[in-house]
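# Inside the fold
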Amino acid sequence: GFLLYDFTKVNPKAKVFGIDVSEYAIENSKEEIKDRLIVGSAIELPWPDDYFDLVISLNAFHNLHNYDLDPALREFERVGKQYKYICVESYRTEEEKANLLYWQVTCEAFCTPEEWGWWFKQSGYNGDYSFIYFE
């Protein structure tokens, strides 16, 4: 909820909403936006098609199991009108993979940038994306 709060500080007229699997995360979010956060899953978003002008996911998709990536990416694509952005953790070398395995304890999808590209194409995701590496 902290990023959503920052959005409201930059643009007070923005209508922001967020979802998290963690009740704890939502309970401990910023009070100013807590009423716009819900506990839920990325594979079944509660918003209608083309609902958001901007959809952002930072460091979430790599926490899903591989069997949930396709439905979650399809949902992400479905709720966004045009502007979409995903940032995920990835690796380019065996050393970065080992670092990812040891340092990102919630990570489930260990994919190279090329593998992430395959998932994006497979699911029909058309937005922007970037990667974080543990060098």
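Each remark here, short or long, concerns the structure printed above.
The rules we used
- Residues numbered from 1 in each chain as written.
- Predicted model: local features only at pLDDT ≥ 70, side-chain atom pairs only at ≥ 80, totals over all residues.
- Heavy atoms only, no water.
- Pairing = 2+ DSSP bridges.
- Helix = DSSP H or I, 4+ residues; strand = E, 2+ residues; numbered from the N terminus.
- Axes fitted to C-alpha atoms, helices over the stretch in contact; angles between N-to-C directions.
- Contact = heavy atoms within 4.5 Å.
- Buried < 20%, exposed > 50% of the residue type's maximum accessible area, 1.4 Å probe, protein only.
- Arc of directions from axis to C-beta.
- Polar contact = N/O pair within 3.5 Å; in protein donor to acceptor, adjacent residues only side chain to side chain.

### Digging into the sheet that holds strand S5 (residues 128-133)
Read across the sheet, three strands follow the order S3-S4-S5 without closing on themselves; strand pairing throughout is parallel. Two strands bound the open sheet, and with one partner strand each, they are strand S3 (52-58) and S5. The sheet shows a mean angle of 10° between the axes of neighbouring strands, direction not considered. Pairing of strand S4 (residues 80-90) with S5, which is carried by six bridges, proceeds in the parallel orientation. When the sheet's bridge partners are listed, Val-88 is paired in S5 with Phe-131. Where helix H3 (residues 66-79) meets the sheet, its contacts fall on S3 and S4, and the angle it forms with S4 comes to roughly 145°. Against the sheet, helix H5 (residues 113-123) touches S4 and S5, its axis set at about 150° to S4.

### Looking at H5
Listed in full, the buried residues belonging to H5 are Pro-113, Trp-116, Trp-119, Phe-120 and Ser-123. What you see down the axis of H5 is that its buried residues fit within an arc of 115°, all on one side. Turned more than 90 degrees from where H5 packs its buried face, Glu-114 and Lys-121 sit exposed. Buried residues belonging to H5 abut H3, S4 and S5. Backbone geometry just downstream of H5 places Gly-124 in the positive-phi region, at approximately 85°.

### Points about the side chain of Ser-123
With respect to the helices and strands, the residue Ser-123 is situated in helix H5. Judged by relative accessible area, which is 4%, Ser-123 ranks as buried. In terms of polar contacts, Ser-123 uses its side chain to reach the backbone carbonyl oxygen of Trp-119, at 3.0 Å. Apart from the residues lying within four places of it in its own chain, the contact partners of Ser-123 are Asp-70, Leu-73 and Arg-74.

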